[in-house]
Amino acid sequence: MQLGQVARAIVSDAPAEWVLRPAEPADVEAIAELRATVMRPDLERLGRFDEHRVRQRLRDSFSPQHTSVVVAEGAFAGCVTVRPAEDGRWLEHFYLAPGLQGRGLGSAVLRTLLKQIDADHVLVRLNVLRGSAARRLYERHGFTVEAQDPIDVYMVRRPGAAALGT
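As a convention, each chain's residues are numbered from 1 in the sequence order in which they are written. In keeping with the model being predicted, local features are shown solely for residues with a pLDDT of at least 70 and side-chain atom pairs are shown and tallied solely at 80 or more, while totals for entire chains, interfaces and linings include all residues. Remark: hydrogens and water are excluded; side-chain values derive from all non-hydrogen atoms of the structure.

Chemist: Looking at this structure, I do not really get the pairing of strand β7 (residues 144–148). What am I missing?
Modeler: Regular strands show a simple pattern: their side chains alternate between the two faces of the sheet. Inspection of the sheet shows β7 paired to strand β8 (residues 152–157) by 4 bridges, in the antiparallel sense. Considered in β8, the bridge of Val145 is made with Met155. At least two bridges found by DSSP between two strands are what make those strands a pair. Secondary structure elements follow DSSP: runs of H or I of four or more residues count as helices, runs of E of two or more count as strands, with numbering from the N terminus.

Chemist: Would you explain the pattern of salt bridges in this entry?
Modeler: Pairing is possible between side chains that carry opposite charge, provided their charged atoms lie close to one another. A side-chain nitrogen of Lys or Arg and a carboxyl oxygen of Asp or Glu constitute a salt bridge if their distance falls within 4 Å. Under the counting rule described, the total for this entry stands at 13 salt bridges. When the shortest N-O distance is used, the salt bridge between Glu29 and Arg59 registers 2.9 Å. Taken together, the residues Glu29 in helix α1 (residues 28–45) and Arg59 in helix α2 (residues 53–61) connect sequence positions 30 residues apart. Under the relative-accessibility criterion, Arg59 is labelled partly exposed at 27%. Counted as one network, the salt bridges with shared partners bring together Glu33, Arg40, Glu44, Glu51 and Arg55. Only protein chains enter the accessibility calculation, which uses a 1.4 Å probe. A residue is then buried if its area is under 20% of the maximum for its type, exposed if over 50%, and partly exposed in between.

Chemist: Before we go on, may I ask you to explain the packing of α1 against α2 in this structure?
Modeler: Helix-helix packing is characterised by the crossing angle of the two axes and by the distance between the axes. Angles here are taken between N-to-C directions and fall from 0 to 180 degrees, while the axes themselves are lines fitted to C-alpha atoms, restricted in helices to the stretch in contact. Running from N to C, α1 and α2 cross one another at 135 degrees; their axes reach a closest spacing of 8 Å. One finds that α1 runs oblique with respect to α2. Relative to α2, α1 is oriented so that their crossing is right-handed. Of the residues in α2, those touching α1 at Val28, Glu29, Ile31, Ala32, Glu33, Arg35, Ala36 and Leu43 are Val54, Arg55, Arg57, Leu58 and Arg59. In this count, Pro and Cys sit with the nonpolar residues alongside Ala, Val, Leu, Ile, Met, Phe, Trp and Tyr, while Asp, Glu, Lys and Arg are called charged and the others, Gly among them, polar. Partitioned by chemical class, the residues of the contact of α1 with α2 number 7 nonpolar, no polar and 6 charged. Should an angle fall under 35 degrees it is taken as roughly parallel, and over 145 as roughly antiparallel, whereas 65 to 115 is taken as roughly perpendicular and any remaining angle as oblique. The handedness criterion is simple: a crossing whose near helix is rotated anticlockwise from the far helix by less than a right angle is left-handed, and one whose near helix is rotated clockwise is right-handed. Any two residues whose heavy atoms approach within 4.5 Å at even a single point are treated as in contact.

Chemist: I'm lost on the nonpolar core in this one. Help?
Modeler: General note: in soluble globular proteins, nonpolar side chains tend to be found buried as a group. What is meant by a nonpolar core is a set of buried Ala, Val, Leu, Ile, Met, Phe, Trp, Tyr and Cys residues, joined one to another through side-chain atoms within 4.5 Å. Judged by nonpolar contacts, the single largest core of 27 residues is most densely connected at Leu91, Phe94, Leu105, Val109 and Tyr138. For Val109, the contacting residues outside a window of four places in its chain are Trp18, Leu20, Val70, Val80 and Phe94. With 19 residues, the next largest nonpolar core counts Val28, Phe49, Val71 and Tyr95 among its residues.

Chemist: Explain the confidence of the model for the chain here, please?
Modeler: The predicted coordinates of low-pLDDT regions are not to be read in fine detail. Note: pLDDT gives the predictor's confidence per residue, expressed from 0 to 100. Looking at the chain, pLDDT values average 90 and 89% of them are 70 or higher. Confidence scores differ between elements of the chain, with strand β1 (residues 6–7) showing the lowest mean pLDDT of 42 and β8 the highest of 98. With pLDDT under 50 throughout, residues 1–12 is counted as low confidence; its partners more than four residues away or in other chains account for 31 contacts.

Chemist: What is the right way to read unusual backbone geometry from this model?
Modeler: Residues apart from glycine generally show negative phi values, whereas peptide bonds are mostly found in trans. Positive phi, close to 55 degrees, is recorded for Glu73, a residue that is not glycine. With a phi angle near 45 degrees, His93 is a residue other than glycine that sits in the positive phi range.

Chemist: Is there a simple way to think about α2 in this case?
Modeler: Every α-helix winds through 3.6 residues per turn, so residues three or four apart in the chain are directed the same way. Taken together, the buried positions of α2 are occupied by Val54, Arg55 and Leu58. Down the axis of α2, the smallest arc covering the buried residues is 100 degrees, so these residues share one side. Elements in contact with the buried residues of α2: α1 and β5 (88–96). What the arc describes is the spread of directions from the helix axis to the C-beta atoms.

In structure tokens, the structure reads:
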């Protein structure tokens, strides 16, 4: 699927239509706010939440040329960054609005991105906060733990790694 094409989520609870559109510099504040909202529970649990820092880290690393905005049913629903790396790609800043989580949209977006990355036959890496429910999503899509520290779990997915249940 090319950016801008409409896709249908498989799970009936998910928004019927969604699209990835290229991010624009003007999207940074909406994405920074979404990041703060989505990450707050895990960062608070880890004793790491800082109201200003959580937004500023996004602003400092925002890369519109590598970021897509998820639009579901015509509204801003989230974002994802796929940044080139030496041996593949880094999947970063994958956030969905809380009301859309757990309904299949994240899996649909991730399947689409992984299909594109697999076509390039490269690894994809990410990190997720320890104890985050997002880790289960990534494991279901073929990611395995590569390393971890007291805050982050670093995961990798080899090209074509089978998703669980497929």
